[in-house]
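Okay, here's what each chain looks like letter by letter:
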Amino acid sequence: MELWEHITTFFSAENYTLFIVSIGSGILCLAAGAVGTFTYLRKRALIGDVISHSVLPGIAIAFMLTGVKNPLYFLLGAVVSGLISIWIVDYVQAKSKLKLDTILALTLSVFFGVGVVLLTKIQHGGNAAQSGLDSFLFGKAASMNLLDVKLFSIIALVNVACIAVFLRSFSLISFDESYAKGIGFNVKLLKGFLALLTVMTVAIGVQAVGVVLMAALLITPAAGARYLTNSIPRMLVISGSFGFASGLIGVFISYSGAGMPTGPWIVIVLSAFALVAILFGKKRGVFARRRVKKNNHIKINNENVLKDIYKVGSQGTKTITINELIKKEKYPPKLLISTLKRLEKIDHVGLVRGMIILSDKGRLAAREVIRKHRLWEIYLSKYFQLDADHLHDDAEGIEHVITPEIEIELIKLLERPEKDPHQSEIPY
Amino acid sequence: MSNPTIVEAHNLTVVYGRKPALWNVDFELPEKQVIGIMGPNGSGKSTLLKSIMGVVEPTSGFTKVYDQELSEVRDRVSYVPQRQDIDWDFPASVWDIVSMGRFQKRGLFKKLTAEDKDIITESLEKVNMLGFSKRQISQLSGGQQQRVFLARAIAQQGDLFLMDEPFAGVDIATEEMIISLLKEMKTAGKTLVIVHHDLHTAQSYFDHLVLLNTRLVASGPTQDVFTDQILTDTYGGKLTTIAKISQELENKEFPIRYK
Amino acid sequence: MNDFYIIFTASLVAINCALMGSFLVMRRMVMIGDAISHAVLPGIFVAYYVSGSTASIPVLIGAALSGILATLMIEWLTAKARLQSDAAIGIAYTLLFAIGIVLISKFGANADLDQQCVLYGEIEYVSLWLQPIVGGLLLPQQAIILAIVCMVLIIAIAIGYRGLFLTTFDPNFALSTGVAVTFWHYFLMSGVSLTTVVSFESVGAILVIAFLSGPPAIAYLLTEDLKKMLILGCLIGISCSIGGYYAAKWLNVSVSGSISTVIGILFLITFVITSVQKSKLDVITS
Ligand SMILES: Nc1ncnc2c1ncn2[C@@H]1O[C@H](COP(=O)(O)OP(=O)(O)OP(=O)(O)O)[C@@H](O)[C@H]1O
Ligand SMILES: [Mg+2]
């Protein structure tokens, strides 16, 4: 109940500012999640890290020049120093033998070092307004005022709008840069524009999570979203929503535990979201892939058993008993029984008092597997040098993988053969 | 005249992730010959050399050298990796690189002896690079880099040489120099296995050919294997089905063998 | 004397980092060093908290454990979950670092460790923990540990130089001659982890990365011999420590930040000079 009270106070009217702040943080994280989708897709996670660290000197210089904590000036400073860092990375990479990872680490640490020098200079300078500048290290959303939040939200929304408008172009350069160039896109301009959006997002995002953890805001929600969908627009939406929710929850937690920095909590919440997506993603998730593997084995067992039943049948002994099949010792009895039960369920076989009767559907399926097996043997023996005694083993594995399209292609390529290399008929 | 077998691959399958790079490859290579390994890009040529050399572990099957496990005869085999796989901006001199050829004999912790140094000098001389021994490797041309690698392999003093594209990025003069050196080595009783790309020179360079396209398309004496039919099969579109099946295996996470 | 203590400590960190960083630079693994230096935080904190002291053995164990945890996480994310490797590194270390910061802000008061010192270190205060060694000579506790690690690293590199050189330059060839490449990888990574952890305490995460990447990168631009690169890297690191310290004193700013800045400036100068020389050379040769 205490928690509930907590939540109600959090959203109550007295806490109007806090409410606004949390919504503001949510929007910042939303923008980061959206822009970060492209950072992730373009495999620039570590560059995101560099940009995040590199905005610090810009912010400090902005403060030193103006002497006030105006978010607009901070933003300007951050954007300028962020862009400079990207430019340095690109330039040094092009002009020296240094490898990217060295340049990234060096740029990141030097920019951050300069930032720390400036911050300590400001602190020791005794300017009354300096307090709170170090919240840029780990983020303290609560120190934002209403004006900040309004400004950042506007920028975040502009960012999101730009992404919506340029969705096609950005998707294209993330997918295949050289192709995009080939069909006449101005890739350089687009990349520059995307970099600008990224830097702007980082510049406002550091308000919520601080420079050290900003990279997570870009990458983690996008990585999680990737496990839930294959479409870029959907990825943007999911990643943005992850971000928004984490921003909200992060502020809430840091408000509850007094003195807690916001950034780490947002990152922890985000990571939890991502982990859930990585584990439970419908198609790409860890469990989903495990399921697919299991289904593969089921398919292989089904088809193998079906094939054996069919072969016995076409050799004259019309039906076969379960015991006879067990005696062949090809499968562990337990596995065989469960496979047969499954086949019965999908009407491929009928099981009557220990007898196995192949249905028409089952017969067709069995013929299909045998056909694929034999086609594959012909294909291998025709185009490859392979000992005859290896053909069968090989086809035993591949018969389950050949899709209808590949089968049609094989039949065409081999000109609809009648017999396989062992002179067995091919059942069409 | 058929020479005894020096390298044998049996049912060799190498899978990266789920995608096969080599698939059920079976062959035997004859001793004391110049053997070419050819096939389109990505057909598994480098992977083949790497699995013979124990650089990648086969997923199934095995290879043997001198009818033994590689570990028994490692000191008789020299390997020249693909030049593109190396960072040539590495801070090292030609001498440093060629002396690597002696590490195996001398171990990683003992000093190189005067004998080792003689061997290194000799190897550099053989490839006409002695004058460059102090040179930094970043200042070498493509052909010179290739020759340094060759010298390193010679310094290992093996009997069997596996070379990954020693003619890539090399001008005609250097190529001729290298090939005549290789033929000389063959006369001296060495066996050379060479990954090669140029179909025009294949017939004149190689006694024996292995044609790959993920699977083994053909392996045999050059005059038997170097036919229009087989070459079209290796390089033509007939084998796209293999690629599609590989893709299926990868996408659907199918096991390559069900046993 | 205080000046000397600080410079001495910073220089030891610089040497350790230059030795390891040179190999990381050549192996394209500097960002892994970056990840480790952030990811050890929760382990360090828990060790501080539990043991209640800055005694280095528990801290080392704690750091090692969370370093291993980070490695396992990255491995699980790339191998089992098939996440692209840059993102896996990014996610793993930000999460561990975030957890570390949360722990510190919750319980930090009891373990005299605060958020800033994680980033900047506390090198200004090394002389608070002096330890007598032979002949009545006093040295900062940190410096003694760093010196021991430095000795270990120098010996390890002297013995393992050939193995590190071979496996860094051409791992495939190394494997083909039967060299255990994986062993040498872990050999190096143990050194890197050790360096990161003991340096982290005195100079903070950011300067560790600057030391790992900067001096080796500068040395790499100046020489084409790995041995010279190692020595030059150490000398550059020491010079930056001295320059950075006095600059910090003069400007009254953070020592770690100032040393990073000096490294950056030195890199910039070296980069410009070597580029100009190279382009001159190109003009002559063409
Ligand atoms: N380490 C690796 N991880 C994943 N896939 C790999 C790896 N090495 C090679 N492959 C893939 O395996 C296949 C065969 O590669 P391999 O290098 O053996 O080909 P190749 O015949 O030497 O090609 P090239 O002519 O380009 O040198 C390619 O599809 C390649 O992408
Ligand atoms: Mg190759």
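Predicted, not measured: the structure shown is a model, and the values here were computed from it.

Asks: Requested: an account of the site of ligand 1, with residues and values cited.
Replies: Residues and elements named next belong to chain B. As a matter of local geometry, ligand 1 sits amid 13 residues, with N41, G42, K45, S46 and T47 nearest to it. In this structure, an oxygen atom belonging to ligand 1 sits 2.8 Å away from a main-chain N or O atom of G42. Here an oxygen atom of ligand 1 sits 3.1 Å away from a polar atom, N or O, in the side chain of Q82. When isolated, ligand 1 has an accessible area of 640 Å², and the protein chains bury 58% of it. By residue class, the composition of the shell around ligand 1 is 3 nonpolar, 8 polar and 2 charged.

Asks: Provide a residue-level description of unusual backbone geometry, including the pertinent values.
Replies: Residue and element names in this part refer to chain A. Positive phi, close to 65°, is recorded for D347, a residue that is not glycine. Residue placement: D347 occurs in the loop between α16 (333–345) and β2 (349–352). Residues other than glycine seldom take positive phi values, yet R416 does so here, at roughly 40°. As for its placement among the helices and strands, R416 is situated in the segment after α19 (404–413). For R416, a relative accessible area of 48% corresponds to the partly exposed category.

Asks: Hey, could you go over the interface of chain B and chain C for me, with residue numbers and the actual values?
Replies: Taken residue by residue, the interface counts 34 residues in chain B and 25 residues in chain C. Summing both sides of the interface, chain B and chain C together bury roughly 2,600 Å²; the carbon and sulfur share of this comes to 64%. It is F90, P91 and L108 of chain B that lose the most area in chain B upon contact with chain C, and together they represent 27% of the buried surface on that side. In this assembly, chain B and chain C are joined by 3 salt bridges. The partner of R152 of chain B in a salt bridge is D170 of chain C, with the nearest N and O atoms 2.8 Å apart. Seen at the junction of chain B and chain C, the total is 11 residue pairs in polar contact (both at pLDDT 80 or more).

Asks: Residue-level account of the pairing of strand β8 (residues 208–213) of chain B, with values.
Replies: Residues and elements named next belong to chain B. Within β8, 6 of the 6 residues are buried, which leaves it mostly tucked inside the rest of the structure. Side chains H208, V210 and L212 project from β8 onto one buried face, and the interleaved L209, L211 and N213 project onto a second face that is buried too. Judged from the 4 bridges that link them, strand β3 (residues 34–38) and β8 form a sheet pairing that is parallel. Along β8, the bridge assignment pairs G36 with L209. Of the strand pairs in this sheet, β8 and strand β9 (residues 215–221) are connected by 6 bridges, and their pairing is antiparallel. Following the sheet pairing, L211 is matched in β9 by A218. The hairpin turn running from β8 into β9, its antiparallel successor, is 1 residue long, and T214 in that turn takes a positive phi close to 65°.

Asks: Before we move on, could you go through the interface of chain A and chain C and cite the residues and values that matter?
Replies: Interfaces are often sized by the accessible area lost when the parts come together. At the junction of the two partners, chain A supplies 54 residues and chain C supplies 56 residues. Approximately 4,900 Å² of surface area, both sides summed, lies buried where chain A meets chain C, with 73% of it carried by carbon and sulfur atoms. In this assembly, chain A and chain C are joined by 1 salt bridge. The closest approach of N and O atoms between K97 of chain A and E224 of chain C, which form a salt bridge, is 3.8 Å. In this assembly, chain A and chain C are joined by 14 residue pairs in polar contact (both at pLDDT 80 or more). Secondary-structure elements contributing two or more residues to the side of chain A that touches chain C are α3 (45–66), α4 (71–95), α5 (100–125), α6 (135–138), α11 (214–226), α13 (262–280) and α14 (286–314) of chain A. Among the elements that take part in the side of chain A that touches chain C, α5 of chain A stands out by supplying 17 residues, more than any other.

Asks: Report on the nonpolar core, specifying residues and quantitative values.
Replies: In globular proteins that are soluble, nonpolar side chains generally tend to be buried together. Core analysis: the largest hydrophobic core is formed by 262 residues, its most contacted members being W376 of chain A together with L182 of chain B. In terms of residues, this core owes the most to one element, helix α9 (residues 181–222) of chain C, which gives 22 residues. When residues of this core are sorted by domain, at least three fall in each of domain 1 (2–281) and domain 3 (363–413) of chain A. Setting aside residues up to four positions removed in sequence, W376 of chain A forms contacts with D394, A395, I398, I402 and L410 of chain A together with R215, T241, I242 and I245 of chain B.

Asks: Give a detailed account of the layout of surface pockets, specifying residues and quantitative values.
Replies: Residues and elements named next belong to chain C. Here the largest pocket defines a volume of roughly 680 Å³. I36, G67, T71, Y186 and M189 are, among the 24 residues lining the largest pocket, the residues nearest its centre. Going through the elements one at a time, α2 (30–39), α4 (56–80), α5 (85–107) and α9 are the ones with two or more residues in the lining of the largest pocket.

Asks: For α16 of chain A, give the residues involved together with the corresponding values.
Replies: All names here are of chain A. If you check α16, its first and last C-alpha atoms are 18 Å apart, about what 13 residues at 1.5 Å a residue would give, namely 18 Å. Of the positions making up α16, those classed as buried are L336, T339, L340 and L343. Angularly, the buried residues of α16 cover 100° about the axis, an arc narrow enough to put them on a single face. Of the exposed residues in α16, the ones pointing more than 90 degrees away from its buried face are K334, K341 and K345. At the C-terminal side of α16, D347 shows a positive phi close to 65°.

Asks: Could you give an account of the coordination of the magnesium ion (ligand 2), naming the residues involved and the relevant values?
Replies: All names here are of chain B. Bound to the magnesium ion (ligand 2) on the protein side are S46 (OG) and Q82 (OE1), at distances that span 1.9 to 2.3 Å. Here the residue S46 occupies a position in helix α1 (residues 45–52), and Q82 occupies one in the loop between β5 (77–80) and α3 (94–106), the gap between them amounting to 36 residues. Q82 matches S46 in its accessibility class, with the two residues each being buried.

Asks: Could you give an account of the packing of helix α1 (residues 2–27) of chain C against helix α10 (residues 226–251) of chain C, with specific residues and numbers?
Replies: All names here are of chain C. Packing of α1 against α10 leaves a shortest axis separation of 8 Å and a crossing angle of 145°. Here α1 runs over α10; the crossing is right-handed. Contacts from D3, I6, I7, A10, S11, A14, I15, A18, L19, S22, F23 and M26 in α1 reach L226, M229, L230, G233, C234, G237, I238, S241, I242, Y245, Y246 and K249 in α10.

Asks: Account for the state of the cysteines, naming residues and giving values.
Replies: Scanning the model with the defined rule gives 0 disulfides over all chains in all. The closest cysteine sulfur to the non-disulfide-bonded C162 of chain A is located on C29 of chain A, 19 Å from its own sulfur. No disulfide involves C240 of chain C; its sulfur sits 12 Å from the nearest other cysteine sulfur, which is in C234 of chain C.

Asks: I'd like a rundown of the environment of Y205 of chain B, residues and numbers included.
Replies: All names here are of chain B. Looking at where Y205 falls in the secondary structure, it is placed in helix α7 (residues 199–205). With 25 residues separating them in the primary sequence, Y205 and S180 have C-alpha atoms 9.6 Å apart. Each residue touching Y205, except ones within four places of it in the same chain, is listed here: V34, F167, E175, I179, K183 and H196. Within the local environment of Y205, its side chain forms a polar contact with the side chain of E175, the two groups lying 2.7 Å apart.

Asks: Any details on the packing of aromatic side chains? Residues and values, ideally.
Replies: Here a ring pair, both rings aromatic, is described through the centre-centre distance and the interplanar angle of the planes. Taken as a whole and assessed by the stated rule, the structure comprises 29 aromatic pairs over all chains. For the ring pair W88 of chain B and F169 of chain C, a centre distance of 6.3 Å and an interplane angle of 85° mean the geometry is edge-to-face. One end of the pair, W88 of chain B, is in the loop between β5 and α3; the other, F169 of chain C, is in helix α7 (residues 141–169), on a second chain. Summarising the burial analysis for this pair, W88 of chain B and F169 of chain C share the class buried.

The rules behind these values
- Per chain, residue numbering runs from 1 following the sequence as it is written.
- Lettering of chains starts at A and numbering of ligands starts at 1, both following the order in which they are written.
- Local features are withheld for residues below a pLDDT of 70 in this predicted model, meaning they are given only at 70 or higher, and side-chain atom pairs are given and counted only at 80 or more; totals for whole chains, interfaces and linings count all residues.
- Each side-chain value is worked out from all heavy atoms of the structure, with water and hydrogens disregarded.
- When we say a residue is near a molecule or strand, we mean one of its heavy atoms is within 4 Å of it.
- Any pair of nitrogen or oxygen atoms within 3.5 Å is treated as a polar contact; in protein, a donor-acceptor pairing is required on top of that, and neighbouring residues in sequence qualify only through side-chain atoms on both sides.
- Shrake-Rupley sampling with a 1.4 Å probe provides the accessible areas, and residues are treated as covered by the protein chains on show and by no other component.
- Think of it as three bins: nonpolar holds Ala, Val, Leu, Ile, Met, Phe, Trp, Tyr, Cys and Pro, charged holds Asp, Glu, Lys and Arg, and polar takes everything else, Gly as well.
- Each helix is a run of DSSP H or I of at least 4 residues and each strand a run of E of at least 2, with the numbering of both proceeding from the N terminus.
- Three labels apply to residues, based on accessible area from a 1.4 Å probe with only protein chains included: buried if under 20% of the type maximum, exposed if over 50%, partly exposed otherwise in between.
- Only heavy atoms matter for contacts: two residues are in contact if any of them lie within 4.5 Å across the pair.
- Summed over both partners, buried area is the accessible surface (1.4 Å probe) that two parts give up on being assembled.
- The salt bridge criterion pairs a side-chain nitrogen of Lys or Arg with a carboxyl oxygen of Asp or Glu, the two atoms within 4 Å.
- DSSP-based pairing: two strands are paired if at least 2 bridges between them are found.
- To define a nonpolar core, start from buried Ala, Val, Leu, Ile, Met, Phe, Trp, Tyr and Cys residues and group those joined through side-chain atoms within 4.5 Å.
- Residue ranges assigned to the domains are those given by an automatic or database domain assignment.
- Here the term cavity refers to a set of points on a 1 Å grid, laid over the protein atoms alone, in which a 1.4 Å probe fits but cannot get out; the term pocket refers to an open set having protein on both sides within 12 Å along at least five of seven lines, with lining residues being those that place an atom within 4 Å of a point.
- Grid points are joined across faces, edges and corners, and a volume is the space filled by probe spheres set on the points.
- For a helix, the expected span equals 1.5 Å multiplied by the residue count minus one.
- Each direction from the helix axis to a C-beta atom contributes to the arc, which is the arc of those directions.
- Only N, O and S atoms count as donors, using a 2.8 Å limit from the metal and a wider 3.2 Å limit for Na, K and Ca, and since water is excluded some coordination spheres may look unfilled.
- Only the contacting stretch of a helix is used when fitting its axis, a line to C-alpha atoms as for every element, and angles between N-to-C directions run 0 to 180 degrees.
- Handedness of a crossing follows from how the near helix is turned relative to the far one, being left-handed for an anticlockwise turn of less than a right angle and right-handed for a clockwise one.
- Disulfide: a pair of cysteine sulfur atoms within 2.5 Å of each other.
- For Phe, Tyr and Trp, rings pair up if their centres lie within 6.5 Å, where Trp contributes its six-membered ring, and each pair is then called stacked (planes under 30 degrees apart), edge-to-face (over 60) or tilted (otherwise).

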